[in-house]
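# Residue-level structure breakdown
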Amino acid sequence: MENLPRTCAPNSDALLLDGKRVAMHIREQLKTRVATLHQRGIIPCLAVMLVGDDSASHTYVRTKAKACESVGIRSIVRHFPASASQAALEAQLDAWNADPSVHGVLIQHPVPAPLDEAALLRRLDPRKDVDGITPHSLGALVAGEPAFGACTPLGIIALLDAYQLPIEGKHAVVVGRSVILGKPMALMLLNRHATVTICHSRTRDLVSYTRAADILVAAVGKPEFITGAMLKPGAVVIDAGYNRVEGRTGDVGDVAFESAAPVASAITPVPGGVGPMTVAMLLHNTVDAAERYG
Ligand code: NAP
């Protein structure tokens, strides 16, 4: 990206990876592509399935719908109560799968138990999986075949690229192995020729791995879990976490920013780092879907 200001994190020399700014730039570019689609009579459309009353999920869905609107993507949100039947959810998915005016479908995670979220994901048409987390899309990532990438790791790669931070040949350590984040992150870094280590809750001597990381991705879901003392000097530190902490306003990342920034060469803030990139990638995938299959 041209003209990207290079600002340092407070009280350190580390480059602040400004996801908010990069995401805004991506959204501006998407507006042009959406305008071209509109001229062809195609209105890109994202359909969102929201089940239950999880307040964070409702907030995320509102944010995504607003973001769609801002670039000219139509969004449909269908809210089901937690008491809805699996059959009702599947019928809605079948309808969206068959509807040519719907280009992308997002099943907001988590779908409350005993409903079967995995079965819903398996049912979704891979051509509409703009969240990139169905078994089909993840399998394609393993095979190195084209498919929609999971939005958060895709956003992290886009952020590293925007700042021209090299990936090839680097030792990348991903802390976390969830299906939506840690695993696809590791695969995307591997596909970009990093040497990748994946750590998880049963990793022994975690610090010996984190201290060896040129690129450290924190995807743990534990506030300020990664501290400066766990980092190699000069590491690029990506904080994918956002956690609600009682008594603190706003979201708290998985990295203790104040101790990590003086050790890192580049670091993402929370908020304003990975979060806006995730939303930008959802829009990007939806526009891609409309261009490919619209
Ligand atoms: P998750 O499904 O709970 O996975 C957490 C991972 O961290 C698991 O693989 C777990 O290991 C590992 N872990 C837990 N404790 C550990 C420890 N002590 N040492 C090493 N690894 C440990 O969470 P997620 O959905 O991947 O999300 C992770 C974070 O990213 C959360 O803060 C979430 O809010 C955030 N997130 C952000 C975005 C965004 O748009 N920015 C999107 C999605 C998620 P095991 O597998 O062994 O249990």
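Scope of this entry: the structure provided in the associated data block. As the structure is a computational prediction, the values presented were derived from the model and not from experiment.

At a closest axis distance of 9 Å, the pairing of helix H6 (residues 151–162) and helix H7 (residues 182–191) adopts a crossing angle of 40°. As the angle between them shows, H6 and H7 are arranged oblique. For the pair H6 and H7, the sense of crossing is right-handed. On H7, the residues that touch Pro153, Leu154, Ile156, Ile157 and Leu160 of H6 are Pro184, Met185, Met188 and Leu189. Within the contact of H6 with H7, the residues separate by chemical class into nine nonpolar, no polar and no charged.

As a further point, take the site of the ligand. Within the structure, the ligand sits among 22 residues, and Arg177, Ser178, Ser201, Ala240 and Thr278 are positioned closest to it. Considering the ligand on its own, with 920 Å² of exposed area, one finds that the protein chains cover 74% of that surface. At three residues, the largest contribution of residues to the shell around the ligand is made by helix H10 (residues 274–293). Looking at the shell around the ligand residue by residue, the class counts come to nine nonpolar, ten polar and three charged.

Bringing the packing of helix H1 (residues 19–39) against helix H2 (residues 55–71) into the picture now. Contact pair H1 / H2: the axes reach a minimum separation of 8 Å and the direction vectors enclose 60°. In this view, H1 runs oblique relative to H2, as classed from their interaxial angle. Residues Arg27, Lys31 and Val34 of H1 pack against Ala67, Ser70 and Val71 of H2.

For the rest of this paragraph, the subject is the packing of aromatic side chains. Applying the stated rule across the entire model yields one aromatic pair. The cationic tip of Arg127 hangs over the ring face of Tyr293; the distance from NZ or CZ to the ring centre is 6.0 Å.

Definitions and cut-offs
Residues numbered from 1 in each chain as written. Predicted model: local features only at pLDDT ≥ 70, side-chain atom pairs only at ≥ 80, totals over all residues. Heavy atoms only, no water. Axes fitted to C-alpha atoms, helices over the stretch in contact; angles between N-to-C directions. Helix = DSSP H or I, 4+ residues; strand = E, 2+ residues; numbered from the N terminus. Parallel < 35°, antiparallel > 145°, perpendicular 65-115°, else oblique. Left-handed = near helix turned anticlockwise from the far one by under 90°. Contact = heavy atoms within 4.5 Å. Nonpolar A, V, L, I, M, F, W, Y, C, P; charged D, E, K, R; others polar. Near = heavy atom within 4 Å. Areas by Shrake-Rupley, 256 points an atom, 1.4 Å probe, with all protein chains shown as cover. Phe/Tyr/Trp six-rings, centres within 6.5 Å; stacked < 30°, edge-to-face > 60°. Lys NZ or Arg CZ within 6 Å of the ring centre and 35° of its normal.

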